[in-house]
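Each chain, written out:
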Amino acid sequence: MNTERYDRQTILKEFGMEAQLKLQAAKVLVVGAGGLGVPVLTYLNAMGVGTLGIVDNDVVSLSNLHRQVLYAEKDVDNPKVAVAVQKLKEQNSETEIIAHETFLTRENALEIIAHYDLVVDASDNFPTRYLVNDACVILNKPFVYGALHSFEGQVSVFNFEGGPTYRCLFPEMPKADEVPNCNENGVLGIVPGIIGNFQALEVVKMITGIGETLSGKLLLCDGLSNNFQKIRFAVNPDNLNIKTLQDSYDFDCEVPVSSISSETFHKIIEKDEVQLIDVRTPTEFERNHLSFAKNIPLSELNERHNEISFKVPVYVVCQSGVRSRKGVEFLEGVYANANLINVEGGMNEISKYVVKY
Amino acid sequence: MNTERYDRQTILKEFGMEAQLKLQAAKVLVVGAGGLGVPVLTYLNAMGVGTLGIVDNDVVSLSNLHRQVLYAEKDVDNPKVAVAVQKLKEQNSETEIIAHETFLTRENALEIIAHYDLVVDASDNFPTRYLVNDACVILNKPFVYGALHSFEGQVSVFNFEGGPTYRCLFPEMPKADEVPNCNENGVLGIVPGIIGNFQALEVVKMITGIGETLSGKLLLCDGLSNNFQKIRFAVNPDNLNIKTLQDSYDFDCEVPVSSISSETFHKIIEKDEVQLIDVRTPTEFERNHLSFAKNIPLSELNERHNEISFKVPVYVVCQSGVRSRKGVEFLEGVYANANLINVEGGMNEISKYVVKY
Amino acid sequence: MEVLLFGIAKDIVGRSSFRFEEGDEVPKSVLELKQKLKNSFPDFGKLSSLAIAVNSEYAEDGMDLNRGDEVAVIPPVSGG
Amino acid sequence: MEVLLFGIAKDIVGRSSFRFEEGDEVPKSVLELKQKLKNSFPDFGKLSSLAIAVNSEYAEDGMDLNRGDEVAVIPPVSGG
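As the structure is a prediction and not an experimental result, all values here were calculated from the model.

**Examining the interface of chain B and chain A**
Taken together, the contacts link 63 residues of chain B with 63 residues of chain A. Buried surface at the junction of chain B and chain A, summed over both partners, amounts to about 5,500 Å²; 62% is from carbon and sulfur atoms. On inspection of chain B and its partner chain A, the count reaches 4 salt bridges. Between Lys74 of chain A and Glu90 of chain B there is a salt bridge whose closest N-O contact spans 3.9 Å.

Given below as structure tokens:
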């Protein structure tokens, strides 16, 4: 280790060479190389964490660049892990960087995490977050949690020295579409930077023993007001007793919705014209729609559902299948006996089959 | 402007395309491309601020890399501004980036700042901070303040819409060596990342009008405890009445200390042996010292000053001249009539002349 | 009683906090607060998982509430 | 009275806060607190510029202090 490199932090008397050597000996796995993962990886690498693992299987997209600041324009369409590994090596050639070019799955999670001392949950979806939690509990690894919503973020430290876990805060995974993600709901570019940096700070504190970690405390940050809240919470011992992963970490949908694949739907509409409600916004509808579709935006369904005939089947479509599912759920609540069918994959999928419309 | 690029923040309903266009029209000057400047520049560039100016005249050093994460190992010894411009262009080719490869000085400050809407003080020393304040008040430009100490940081917004300024918090510049800087005192690598990101967030709020800025509030962040304090403070109207810059922003030293240049000192010791007190630590002293020097570490001067003869001149030395000045100041308080002389530049300079010792 | 709203709870209500004033009927327990939220804003009915903190401490449904309490409504968030 | 210490003030005292307990003589003004700090820790004498906040509000030297106050001692910091 080149000690001059870390001079400015080793001269801190609370830190010193002792803490630096602990960083160097540590093996940290970062799950996700996106908005949160980028600052976590960049700063842990800069500060001298000896071994960094990265799990991601995504490619860089143009709409990532406003918040995922490790990536340049020329990296668009390249795998995030490959780009990240190259840039992190240029930043600090002393770090051992291990690329896991895969998403974390029920099948690989235990095997991957077992090699590390500590995990950072920098993922962007609930299934991965619950999988990280359960795998870390099973393997007895602490992990640092960070998550975002618009201008807000949450940070905590879970499963650390007998402390509480993610399930002690949120026992069960929300259902699909109960809570939107960044891609649907949006996020201000700087917010993952702030939350990711707080995650990196917690990693340093956990490894070196310096300061007070957020174990047992949920930090809530509101960027719009610069308000910070720390919520104390206790461990529920049941949540430390996880012995095996769940059979599945897919969203389970309590409300079963009749669905049809876009391929089957295509076959039907080649023969018959059906009643199709398109619940997208008028702007989206204008851009492209099936000629026989009727546009009732999801937000107007409450006032305008009487424009629909419930004597015949009601097919519901949107762009990707998410809002149409909500539309079906809503209509089911109003007309319990109606024949409601969600078109899976929405216009994104249909356009592959029905270029003529 | 490529709108897809900013999709994830323009779909935020509080933000939208309107705020994005305001960012695009804004001209922001960042003073300093170091620990704070790097995250400020990186995220403002990513989020789509249209014009970014950078003022810095430093080169990248190895000991910068633990916190200045835009720079790679191969950039060491290259000018920070040049490296930053190149990387920011790769990150976002739509931003107009203006390089000011100079330090901000009394002579150039007004001319440079006049071209921008808003300034970010990402400097690392008091003279520049007071210069930024006074120039911004004279030109009626708001600025975002950020500063660090070890594991802590401060953030505020000054001179914004009639609000208070830096001098409303700290009216006068501290004297030299009253408060240590990062290079003497050290800083944990992630801390400037956190504080710089909060500065970037304030810039976005000031430009777009979204949320509540830190104008009139000083945010104190303690990384060790994750404690956040917001201190409210009011404007002192006198501080808005600055019409010209001070004659000098150099540190003024209230306590004049007799000093001697290392060159002159060298000439003296070639002829005579003098009483020389070396106030460095025993470890530093062991590494190299003048044969006739007596080691009394600065921290022991209080108990051990009776080992010094005050009947003859007392020369005081350390590594760079900073601690020896403190030593002289201390001894002056104890023996008002002693002949005390600080050796400027310390062993760093002396070793250039007296290789034989 | 002041109620602070985070994440999608803030989006549902359309503001980051609200207050039960003097004279308002204050919910007597966490469960009652959740029920009140569902009645006023049906979208809360969709949220299966909602953490509640009372005076910065995590609270179960059975926890009593008092007029002076500060309550935080914290849905899970997934973004990264 | 709780006194929170930031920046070099924390380094001088060697901790991030201290407390005047029941029975301790409490400084009656901001100026008196500054004087007490200088007496107990001579290094405070070197600091020409020291912001003091009482109950999260910036306070001038003449400001009165009370037993229940939370005081923050905030020196300027320069690092970047």
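**A closer look at the side chain of Asn108 of chain A**
Residues and elements named next belong to chain A. Here Asn108 shows up in the loop between β3 (96-100) and α5 (109-113). In this structure Asn108 comes out as buried when scored by relative accessible area, which is 14%. When sequence neighbours within four positions are dropped, the list of residues in contact with Asn108 reads Thr102 and Phe103.

**Describing the packing of aromatic side chains**
Residue and element names in this part refer to chain A. Applying the stated criterion across every chain yields a total of 26 aromatic pairs over all chains. A centroid spacing of 6.0 Å and a plane angle of 70 degrees characterise the contact between Tyr166 and Phe170, whose relative ring orientation is edge-to-face. Residue Tyr166 is classed as buried on the basis of its relative accessible area, which comes to 1%. Its relative accessible area of 0% is what places Phe170 among the buried residues. Chaining the aromatic ring pairs together yields one cluster made of Tyr130, Phe143, Tyr145, Phe158, Tyr166, Phe170 and Phe233.

**Here's the deal with helix α6 (residues 126-139) of chain A**
Residues and elements named next belong to chain A. The end-to-end C-alpha distance of α6, which contains 14 residues, comes to 20 Å, matching closely the 20 Å that a straight helix rising 1.5 Å per residue would cover. Counting buried positions over the 14 residues of α6 gives 12, a clear majority of the element. Considered for burial, the residues of α6 that qualify are Phe126, Pro127, Thr128, Arg129, Tyr130, Leu131, Val132, Asn133, Asp134, Ala135, Cys136 and Val137. Packing partners of the buried residues in α6 comprise β1 (27-31), α5, β4 (118-121), β5 (143-149) and α7 (166-169). A positive phi of about 60 degrees marks Asn140, the residue just after α6.

The rules we used
- Residue indices follow the written sequence of each chain, beginning from 1 at its first position.
- All chains are assigned letters beginning with A, and all ligands numbers beginning with 1, in the order in which they are written.
- Owing to the predicted nature of the model, reporting of local features is limited to residues with pLDDT of at least 70; listing and counting of side-chain atom pairs is limited to 80 or more, with chain, interface and lining totals taken over all residues.
- With hydrogens and water excluded, all non-hydrogen atoms of the structure serve as input to the side-chain values.
- Contacts: residue pairs with any heavy atoms within 4.5 Å of one another.
- The term buried area means the drop in 1.4 Å probe accessible area that two parts suffer when joined, counted for both and summed.
- When a carboxyl oxygen of Asp or Glu is within 4 Å of a side-chain nitrogen of Lys or Arg, the pair counts as a salt bridge.
- Counting from the N terminus, the helices are the DSSP runs of H or I reaching at least four residues and the strands are the DSSP runs of E reaching at least two.
- Exposure is judged per residue with a 1.4 Å probe applied to protein chains only, and the accessible area is read against the type maximum: over 50% gives exposed, under 20% gives buried, and values in between give partly exposed.
- Any Phe, Tyr or Trp ring, taking Trp's six-membered ring, that has another such ring centre within 6.5 Å forms a pair; planes under 30 degrees apart are called stacked, those over 60 apart edge-to-face, and the others tilted.
- What a helix should span is 1.5 Å times the count of its residues minus one.

What is shown is where atoms sit, not what they do.
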